[in-house]
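Spelled out, the chains give:
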Amino acid sequence: MTRADELLRDAAARLDAAGVEDARRDARLLLAEALGVEPHRLILEPETEVPPEAAARFAEFVTAREARTPVSRILGRREFWGLSFRLSPATLDPRPDSETLVEAVLKAFPDRVAPLRVLDFGTGTGCLLLAVLSDYPNATGLGIDKAAAAVATASTNAGDLGLGVRAEFRTGDWGEGLAGTFDIILSNPPYIEAGVVPMLAPEVARHDPLLALAGGADGLDAYRRLLPDVARLLAPQGHAFLELGQGQAADVVEIAASCGLQRCAVHADLAGIARCLELVAVNG
């Protein structure tokens, strides 16, 4: 049998040559998956022997990563807010930047036992909605996505996380046909300029759905469609939390103002980029 450190050395060299950032880390994650062990074990026990069947599986993983398939797509899951989410071709791969929205919700609604109603537009994997519900045990939520396959994935994730009773997912076009009001409205809409999408890293451009990326010529089309629905569906004293692309805050604030919403706060991600716009009703 081949030793883990030997396989990792060779795989990291291949991935590095393919332009993969942090090639050694990715190789370690993939080998750990092939072996069915935690990644830290390969750091503590580098001479671990790898059975032939695990080595063959690892070789397939490395070939896929060499072709710039993201690790999360190879594994079929991504961790977000300490929770594991299944992915599908119809869902965006959740990013740590989006956790900024969940952090903002926790600051705005400190009462963790409040019976809040939560709405998530463009839910994808359901990561935003389910992360919020995991911290508010009396909250219920609705996730909307245009892609039926994404709705199916989100529903599966809710069941996996034991949140299926409190989370509902529907196929829909933003707020079309929705009634009632919600205390918290979340959305990570498509906000990348359409012309820029093909120039993104291969892990994004080739594997994330275009529907979840492209926001029209200026990246703002989804906000123009979404914000009138947010204004209509936001409860008195409610707050909306929208993910932003870099440099978009001022433009989205202006669109929101035209819909009767005002900026409450802008929250930066760990890189210092304005990532989450928190909105309230002008008369809320």
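Okay, so let's go over this structure. Computed from a predicted structure; not experimentally measured.

## Brief notes about the pattern of salt bridges
In total, this model carries 22 salt bridges according to the counting rule given. For Asp26, the salt bridge identified is with Arg65, shortest N-O distance 2.9 Å. Of this pair, Asp26 sits in helix α2 (residues 23–35) while Arg65 sits in helix α4 (residues 52–66), and the two are 39 residues apart along the sequence. Each member of the pair, Asp26 as well as Arg65, carries the same accessibility label: buried. Salt-bridge contacts for Arg86 lead to Asp160; the nearest nitrogen and oxygen are separated by 2.7 Å. Of the two residues, Arg86 sits in strand β4 (residues 83–86) while Asp160 sits in helix α8 (residues 148–160), which places them 74 residues apart along the sequence. One salt-bridge network, held together by shared partners, links Asp22, Arg25, Asp26, Arg65, Arg68 and Glu203.

## With respect to the pairing of strand β9 (residues 234–243)
When you tally the buried positions in β9, you get eight out of ten residues, the bulk of the element. Note: strand β8 (residues 182–187) against β9, five bridges, orientation parallel. Bridge pairing links Ile185 to Ala240 in β9. Relative to strand β11 (residues 274–281), β9 runs antiparallel, the two sharing four bridges. Residue pairing in the sheet places Ala240 in a bridge with Leu279 of β11.

## A short note on the sheet that holds strand β5 (residues 117–121)
Read from one edge of the open sheet, seven strands run β7-β6-β5-β8-β9-β11-β10, paired in mixed fashion. Edge strands, defined here as strands with exactly one partner in the open sheet, are β7 (167–171) and β10 (261–268). On average, each strand axis in the sheet is inclined to that of its neighbour by 20 degrees, with strand direction left out of account. In the sheet, β10 pairs with β11 via seven bridges, with the strands oriented antiparallel. The residue bridging Val266 from the neighbouring strand is Leu277, located in β11.

Parameters at a glance
- Residue indices begin from 1 for each chain and proceed along its sequence in written order.
- With pLDDT at 70 or above as the cut-off, local features in this predicted model cover only qualifying residues; side-chain atom pairs require 80 or more to be listed or tallied, and sums for whole chains, interfaces and linings still use all residues.
- Excluding hydrogens and water, the side-chain values take into account all heavy atoms of the structure.
- Here, a salt bridge means any side-chain nitrogen of Lys or Arg that lies within 4 Å of a carboxyl oxygen of Asp or Glu.
- Under the DSSP-based scheme used, a helix requires at least four consecutive residues in state H or I and a strand at least two consecutive residues in state E, with every element numbered from the N terminus.
- Three exposure classes are used, based on accessible area relative to the maximum for each residue type with a 1.4 Å probe and protein chains only: buried under 20%, partly exposed in between, and exposed over 50%.
- Two strands pair under a simple rule: DSSP has to find at least two bridges between them.
- Angles here are taken between N-to-C directions and fall from 0 to 180 degrees, while the axes themselves are lines fitted to C-alpha atoms, restricted in helices to the stretch in contact.

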